[in-house]
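One-letter residues, chain by chain:
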Amino acid sequence: IEAALGALPTVTGVRVARDDEAARRDGGRAWAVEFDHLGPQPLLRATATGGAAVVVSRKRAGAATFKRITARVEGGNAEVIEVVVRPKVKAPKLRLAAAEVVAGREDEVVAGLFGGVEVEAAGVVAVEAACERGPCAFLVPTHDGVEAVLAANSVRLRGVGPSIQRVLRNTSLIPGADVDGVDVAVLSVAEGNSVSRAFLLEAVNDAPSIDAGPLGEHLELPRRRVLLNGFVVSDVDDDTLLLTLAAARGTLTMARAARRTLARWSAGDGDGQHAKLEARGAVEAWNNALNYVEYEPPADDVDDVVTLTAADNASSVTQTVSISVTGAASCAARMLLKAQRKFAALVRPDAVGAALEAKVVTEGAVVSLDFSLDAPCGRQARFVAVVAPESGRVRPADAVDLSFASFDDLAKGAMRIEAETAGALEKALGLLVYEPPRDVDGMVSMTVAVEATGGDATGVLETEWWFRIESRDDAPTVSVDVFDDTLIVDAVVARAGASTDVVAAEAASTTGPAFAKGAWSVEDEADFVSVAVEVAGDVALFLSVEEGCRRDACGALHFGNGTRSGRSFSFAASPSDAMKALDALRVVAVADDCWRARDDAAADKARAGALTVSVEDAGGQRATRTVQISARPPRPGALSVAASGGVVDVAEDGRALISGVSVAGGLGTVDGCGDNEVVTVQISARSGRVGSVGNFVGVVVDRVGSALRLRGPRKAVQGVLDSSLPSVATS
């Protein structure tokens, strides 16, 4: 059939295959016929091999045909053949002739992106449009018969080809907010191809924005210094902004640490106390710094206005917050906090003065604070003080009465005090001591803030005091975390003909570290320390870091004599690398196998040893840690039986003596070791019967089936087996 139809000029690409499903359904033979192209004639006739006539008819052009045809062969019977013709469906295809880049502007709609697109498809197709980079959205017109499903950065259309083509030619693209640069829109059709179109969005400068947040447009503030945190600035186009924060009548203060986060301050800002603060800095730095702006209302006015202006290179924006001041007048300007007596010689209100004039405070010393406080804020005023060191810790002195005021510990070593009067607060400040930080050389500041509330006048006084700290060279420290302060070591058996060092080195290469990871701690201010490791005891002990420190796993270790193993060695390393080397330390005990099993408390006690680790810094200061070692006997070896082998001829009903069998392993094999160890030996024959010859002194003999079982001291049993005593026989 395939050859006959393929010979017709109007038929191409004929494929014929058996249709097993149709054959099973109709109980005969059936073929499925497919064409790439079928001519317009309603009836096809062809002559098949052997003279069979093939006739294919169809209902209409382009539709699948289901007919029965008859093939006749001369001189033979007629065979009914079922032929199904399935036309080939053409895959949909997209064409986009335009290839130039479409130009647009930031935050504006891009039209005509798919103008001129052609959709070649028969029937219903699905087409998806998407942006490669995004974010974007598509503006799709409504069209009868076309279903549109919008998603993030894409749209999916379903309908007939001509309708989708009209929709795509009128579809526009909406770029994401503040997106500029090049992006690509991709069109793809299900079971078909895809085309793309690039578009370029020109950047447009956006003005900065200011969010007053919780400040809003109007504030009612008490007459005292308060944090004015709440402003947040942003600019999608610029990383730096020029900000101007101004108060019409009050005073603005920004912490020095916050001002250092900005790139540049205007000249003459002094201590940061002005009616106006202005600087150009990074947006992120500004937002951090604005959290530390303090506002102090005017002492003799009830209204004020705070204005924040943010400007980039092309535009600016302004946010205004009006302020109504309530409450009593401020006494902050009249408050005075002075250091006195011995404490006055140790501090200065500025770093330069402390460096040149103040006495040195040595690391580890405890400095008693001593302040005099003058706070004319009225009889009803209550006071709160916060003492916050830059580093180190402030705490109450030992064994003092703290009942007259409230003392609270704060984070980072600070202390808060609440007292009823200025005199009580002055007394409370005198009960505090300052502990300088460890390992610090240089200037350290401490901030003391005093707040007065509830009186005729209120206010906050903030002062800064500087210490000159000098560190001292501390001795190194070394410690280890080991269970019960004892290191348990299982001894290994010395090998005949090999030295103890060789046996120990072999064991060190196969055993794990003696200590858990992180068990050792070595601390020192110096970059390098010298470490000496030594071991001694009642049993031969051996140390090694050879295996654990391969491939620089322990960092840089400098061995003085190049030895990384033995009964003692030393090296120089940083404290952290020294800890790694000690964690990787192997400790090996070597003993002969006459050392009895550890369970025999009378004769097999563990033997003691000691591991000593010394750490020394460049100044000659040394720290030593000794770990006790309990070396346990070697584990007993497995018992085994050895025989010389051989063949013994014996007549039927005769007997053959068994000899040359020995027992190995157990508690020991050296002469004189393990003689009294009780062992059981069972002898059986594959056929025949094992019996005994003579009496066995000290050996219990019993029978298990056809086998003979000997039980007794190892020396006596061995004597039976090697024929030095009456032996056993098999028949």
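Residues numbered from 1 in each chain as written. Predicted model: local features only at pLDDT ≥ 70, side-chain atom pairs only at ≥ 80, totals over all residues. Heavy atoms only, no water.

## Notes on the overall build of the chain
Consideration 1: The helix and strand tally for the chain stands at eleven helices and 62 strands.
Consideration 2: Here the analysis covers contacts within the chain between residues at least 6 apart in sequence; of these, 69% occur between residues at least 24 apart. (Helix = DSSP H or I, 4+ residues; strand = E, 2+ residues; numbered from the N terminus. Contact = heavy atoms within 4.5 Å.)

## A word on the pattern of salt bridges
Consideration 1: On inspection of all chains with the given rule, the structure shows 21 salt bridges.
Consideration 2: The salt bridge involving Arg-341 is made with Asp-370; its shortest N-O contact spans 2.8 Å. One end of the pair, Arg-341, is in helix H6 (residues 341–344); the other, Asp-370, is in the loop between strand S34 (367–368) and strand S35 (371–374), and 29 residues separate them in sequence.
Consideration 3: Residue class for Asp-370 comes out buried when judged on its relative accessible area of 16%.
Consideration 4: For the salt bridge of Arg-709 with Asp-702, the shortest nitrogen-to-oxygen distance reads 2.8 Å. (Salt bridge = Lys/Arg side-chain N within 4 Å of Asp/Glu carboxyl O. Buried < 20%, exposed > 50% of the residue type's maximum accessible area, 1.4 Å probe, protein only.)

## Let's talk about the sheet that holds strand S44 (residues 486–490)
Consideration 1: With mixed pairing, six strands are arranged side by side in an open sheet as S44-S54-S53-S47-S51-S49. With partners counted over all chains shown, the strands left at the sheet margins are S44 and strand S49 (558–559), one partner each.
Consideration 2: Relative to strand S51 (residues 568–573), S49 is paired through two bridges, and the arrangement is antiparallel. Within the sheet, the bridge partner assigned to His-558 lies in S51 and is Ala-572. (Pairing = 2+ DSSP bridges.)

## Here's the deal with unusual backbone geometry
Consideration 1: Residue Gly-134 is joined to Pro-135 through a cis peptide bond whose omega torsion reads -5 degrees.
Consideration 2: Among the secondary structure elements, Pro-135 is positioned in the loop between strand S12 (124–131) and strand S13 (136–139).
Consideration 3: Even without being a glycine, Arg-341 presents a positive backbone phi close to 55 degrees.

## Considerations on helix H3 (residues 161–169)
Consideration 1: Within the span of H3, buried status applies to Gly-161, Ser-163, Ile-164, Gln-165, Val-167 and Leu-168.
Consideration 2: On its buried side, H3 packs onto strand S11 (117–120), S12, strand S15 (154–160) and strand S17 (181–189).

## A look at the state of the cysteines
Consideration 1: For the structure on display, the rule yields two disulfides.
Consideration 2: The disulfide partner of Cys-131 is Cys-136, and the gap between their sulfur atoms is 2.0 Å. Of note, the bridge from Cys-131 to Cys-136 carries an S-S torsion of about 110 degrees and is right-handed in sense. Residues Cys-131 and Cys-136 agree in their burial class; the two are buried.
Consideration 3: Across the disulfide, Cys-549 is cross-linked to Cys-554 (sulfur-sulfur distance 2.1 Å). Between Cys-549 and Cys-554, the S-S torsion sits near -80 degrees, and that sign places the bridge as left-handed. Judged on exposure class, the residue Cys-549 and its partner Cys-554 are both buried. (Disulfide = S-S within 2.5 Å.)

## Regarding the side chain of Ser-445
Consideration 1: Position of Ser-445 among the secondary structure elements: in strand S41 (residues 442–453).
Consideration 2: Ignoring anything within four residues of it in the chain, the contact list for Ser-445 reads Pro-389, Glu-390, Glu-464, Trp-465 and Trp-466.

## Some details on the packing of aromatic side chains
Consideration 1: One pass over the full model with this rule turns up nine aromatic pairs.
Consideration 2: Between Phe-343 and Phe-467 the ring centres are 6.2 Å apart and the planes differ by 55 degrees, which places this aromatic pair in the tilted class. Taken together, the residues Phe-343 in helix H6 and Phe-467 in strand S42 (residues 457–470) connect sequence positions 124 residues apart. Each member of the pair, Phe-343 together with Phe-467, is buried.
Consideration 3: A connected cluster of aromatic rings, assembled from ring pairs, spans Phe-343, Phe-371, Tyr-434, Trp-465 and Phe-467.
Consideration 4: Its end group placed over the ring of Phe-404, Lys-427 keeps NZ or CZ at 4.5 Å from the ring centre. (Phe/Tyr/Trp six-rings, centres within 6.5 Å; stacked < 30°, edge-to-face > 60°. Lys NZ or Arg CZ within 6 Å of the ring centre and 35° of its normal.)

## Remarks on the pairing of strand S30 (residues 316–326)
Consideration 1: Here five bridges tie strand S20 (residues 218–222) to S30, and the two strands are oriented parallel to one another. Opposite Glu-220, over in S30, you have Ser-324 as the bridge partner.
Consideration 2: Both strand S29 (residues 303–311) and S30 contribute to a ladder of nine bridges, which runs antiparallel. Paired with Ala-310 across the bridge in S30 is Val-317.
Consideration 3: Counting the residues in the hairpin turn of S29 and S30 gives four residues.

## Things to note about a nonpolar patch on the surface
Consideration 1: Taken together, the side chains of Val-101, Val-182 and Leu-200 make up a nonpolar region of the molecular surface, amounting to roughly 250 Å² of accessible area.
Consideration 2: As for its position among the elements, Val-182 is in strand S17. (Patch = residues over 30% accessible without salt bridge, like charges linked within 9 Å, V, L, I, M, F, W, Y side chains within 5 Å. Areas by Shrake-Rupley, 256 points an atom, 1.4 Å probe, with all protein chains shown as cover.)

## Topic: the confidence of the model for the chain
Consideration 1: Summarising the model, the chain shows a mean pLDDT of 79, and 77% of its residues fall at 70 or more.
Consideration 2: This model gives residues 47–53 a pLDDT under 50, and the stretch forms 15 contacts once residues within four places in sequence are excluded.
Consideration 3: For residues 263–272, every residue scores under 50 in pLDDT, and the model assigns this stretch 21 contacts once sequence neighbours within four places are set aside. (pLDDT = per-residue confidence, 0-100.)

## Observations concerning a negative patch on the surface
Consideration 1: A surface patch of negative charge is lined by Asp-439, Asp-441, Glu-470, Asp-473 and Glu-525.
Consideration 2: Here Asp-473 is to be found in the loop between S42 and strand S43 (477–480). (Lys, Arg positive; Asp, Glu negative; His and termini not counted. Charge placed at Lys NZ, Arg CZ, Asp CG, Glu CD.)

## Points about the sheet that holds S15
Consideration 1: Spatially, S10-S18-S17-S12-S15-S14 is the arrangement adopted by the six strands of the open sheet, whose pairing is mixed. Looking at the sheet topology across the chains shown, the edges are occupied by strand S10 (102–105) and strand S14 (147–151). With strand direction ignored, the average angle separating the axes of adjacent strands in the sheet is 20 degrees.
Consideration 2: Bridge analysis of S12 against S17 gives five bridges, and the strand direction is antiparallel. Of the residues in S17, the one forming a bridge with Cys-131 is Ala-185.
Consideration 3: Here H3 sits on the sheet and contacts S12, S15 and S17; the angle it forms with S15, its principal contact strand, is near 145 degrees. (Axes fitted to C-alpha atoms, helices over the stretch in contact; angles between N-to-C directions.)

## Looking at the pairing of strand S28 (residues 293–296)
Consideration 1: Both faces of S28 are covered, namely the face carrying Val-293 and Tyr-295 and the face carrying Glu-294 and Glu-296.
Consideration 2: Two elements, strand S24 (residues 251–254) and S28, share four bridges in a ladder whose sense is antiparallel. Paired with Leu-252 across the two strands is Tyr-295, which belongs to S28.

## Considering the side chain of Ser-324
Consideration 1: Structurally, Ser-324 is set in strand S30.
Consideration 2: On the basis of relative accessibility, which here comes to 18%, the residue Ser-324 falls in the buried class.
Consideration 3: Within the structure, Ser-324 has its side chain in polar contact with the side chain of His-218 (distance 3.1 Å). (Polar contact = N/O pair within 3.5 Å; in protein donor to acceptor, adjacent residues only side chain to side chain.)

## Regarding the environment of Val-226
Consideration 1: One can find Val-226 in strand S21 (residues 226–227).
Consideration 2: Taking the C-alpha atoms as reference points, Val-226 and Tyr-295, separated by 69 residues in sequence, lie 5.4 Å from one another.
Consideration 3: When near neighbours in sequence (up to four residues on either side) are disregarded, Val-226 contacts Leu-221, Val-293, Glu-294 and Tyr-295.

## Remarks on the environment of Leu-582
Consideration 1: Along the chain, Leu-582 turns up in helix H10 (residues 575–583).
Consideration 2: A sequence separation of 64 residues divides Leu-582 from Gly-518, and the C-alpha atoms of the two residues are 9.2 Å apart.
Consideration 3: With residues up to four places along the chain from it excluded, the contact list for Leu-582 reads Phe-515, Trp-520, Val-522, Val-531, Val-533 and Val-613.

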